[in-house]
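Residues per chain are reported as follows:
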Amino acid sequence: MSVTINRRNNSTQHNRAELLSSRALPQQKIIAITDKIGFEPDANAVITGWLKEQHADSACPPVLVQHLNESSIFLIMILSKLERQFEPSQIFKYIAQCKKNPTIEHVFVWIVEQKLTETFLVPYVEHMADTIITFEDRTHLSLLVKKHTGSVTNKYYEFDPQKESFFVLEVKRSALTKQNTVAMQVDPPPNPATLGTFKIDLKDEEVAAKNALTLPFEFFKALPEGGKILYHPDAEDDLDEEDPDDDLLI
């Protein structure tokens, strides 16, 4: 089935759209969904819809992973909930086991980064995933698919959130969208001068004065004795000519 979606720039041109599930699911076992717009409460309904689109009436309901020991043909992992119960290493180990299990066809890992305590979970799960769906805003998503041949496709789509099915239409990223994406992914380096209350920048005259300063341990250079340690006892010092450690044979 195919439908047409008008581009949002009010162009009169009509383009063919296709089901997101047909692009994201076939032959892909670990599917990471990065949710930036708050679809998580409807995660089960969304995934169930995708499975019905691809498997028709033969699709069994997906099983929600709660104990990291579930095994079913279709699994859903809500990462923010699992993180509160298990160590990251346990979660990664379970995903790796699912990936090797031939009885499991799809594992959907739903990710809301704002709810996570450990942000490194996201890149690690995405590294393990075969497909990464990123809902970037209410009308756009990106789809990265790692194929068994080793090639990778990364495309940007427009979708209509009011439609029951996710029909997607490939579009080009705008320059503003690219800039916003880069800005979100790469934090600017901090200015060291703003990290404390003390001054770390010096003026030219301050640098010259610093270089001309002779530190106490450098005075030996100007003494005839060189680096010899000179001790001048006070009147109250109790000096013993004998070696107090003579009996220790050291």
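Residues numbered from 1 in each chain as written. Predicted model: local features only at pLDDT ≥ 70, side-chain atom pairs only at ≥ 80, totals over all residues. Heavy atoms only, no water.

(A) Geometry of the pairing of strand β7 (residues 131–137). For β7, a buried count of 6 out of 7 residues is recorded, marking the element as mostly surrounded by other parts of the structure. Relative to β7, strand β3 (residues 30–35) runs parallel, the two being bridged by 5 bridges. When the sheet's bridge partners are listed, Ile31 is paired in β7 with Thr131. As paired strands, β7 and strand β8 (residues 140–146) are joined by 6 bridges and run antiparallel to one another. Note on β8: the bridge partner recorded for Thr131 is Val145. Here β7 folds back onto β8, and the loop between the two strands holds 2 residues. (Buried < 20%, exposed > 50% of the residue type's maximum accessible area, 1.4 Å probe, protein only. Helix = DSSP H or I, 4+ residues; strand = E, 2+ residues; numbered from the N terminus. Pairing = 2+ DSSP bridges.)

(B) Main features of the nonpolar core. Membership of the largest hydrophobic core comes to 28 residues, with the highest contact counts inside it found for Leu20, Trp50, Trp110, Ile133 and Phe135. Within the residue set of this core, elements represented by two or more residues are α1 (20–24), β3, α2 (43–55), β5 (74–78), β6 (106–111), β7, β8 and β9 (152–159). Ranked by residues supplied to this core, first place goes to α2 with 5 residues. Setting aside its immediate chain neighbours within four residues, Ile133 contacts Leu20, Ala24, Ile31, Ala32, Ile33, Thr34, Trp50, Ser142 and Leu143. In this structure, Ala32, Met77, Leu82 and Val109 belong to the second largest nonpolar core, which totals 25 residues. (Core = buried A, V, L, I, M, F, W, Y, C linked by side-chain atoms within 4.5 Å. Contact = heavy atoms within 4.5 Å.)

(C) Expanded view of the pattern of salt bridges. Inspection of the entire model under this criterion finds 5 salt bridges. Here Glu18 ties to Arg23 by a salt bridge, and the two come within 3.1 Å at their closest N and O atoms. For Glu18, a relative accessible area of 29% translates into the label partly exposed. For Arg23, a relative accessible area of 36% puts it in the partly exposed group. Between Arg173 and Glu136 there is a salt bridge whose closest N-O contact spans 2.9 Å. Remark: Glu136 occurs in strand β7 and Arg173 occurs in the loop between β10 (167–170) and α6 (175–185); sequence separation between them is 37 residues. (Salt bridge = Lys/Arg side-chain N within 4 Å of Asp/Glu carboxyl O.)

(D) A look at the packing of helix α4 (residues 88–100) against helix α5 (residues 121–128). Orientation of α4 relative to α5, taken along the N-to-C sense of each, is 10°, at an axis distance of 11 Å. By the angle between their directions, the pair α4 and α5 is classed as roughly parallel. Residues Pro88, Phe92, Ile95, Ala96 and Lys99 of α4 pack against Leu121, Tyr124, Val125 and Met128 of α5. Taken together, the residues of the contact of α4 with α5 sort by class into 8 nonpolar, no polar and 1 charged. (Axes fitted to C-alpha atoms, helices over the stretch in contact; angles between N-to-C directions. Parallel < 35°, antiparallel > 145°, perpendicular 65-115°, else oblique. Nonpolar A, V, L, I, M, F, W, Y, C, P; charged D, E, K, R; others polar.)

(E) A look at the confidence of the model for the protein chain. Confidence in the prediction of the protein chain, expressed as mean pLDDT, is 79, and 69% of residues score 70 or more. Taken as a whole, residues 1–14 scores under 50 in pLDDT and shows 25 contacts with residues more than four places along the chain or in a different chain. Under a pLDDT of 50 for its full length, residues 182–187 has, in the predicted model, 1 contact with residues more than four places off or in other chains. (pLDDT = per-residue confidence, 0-100.)

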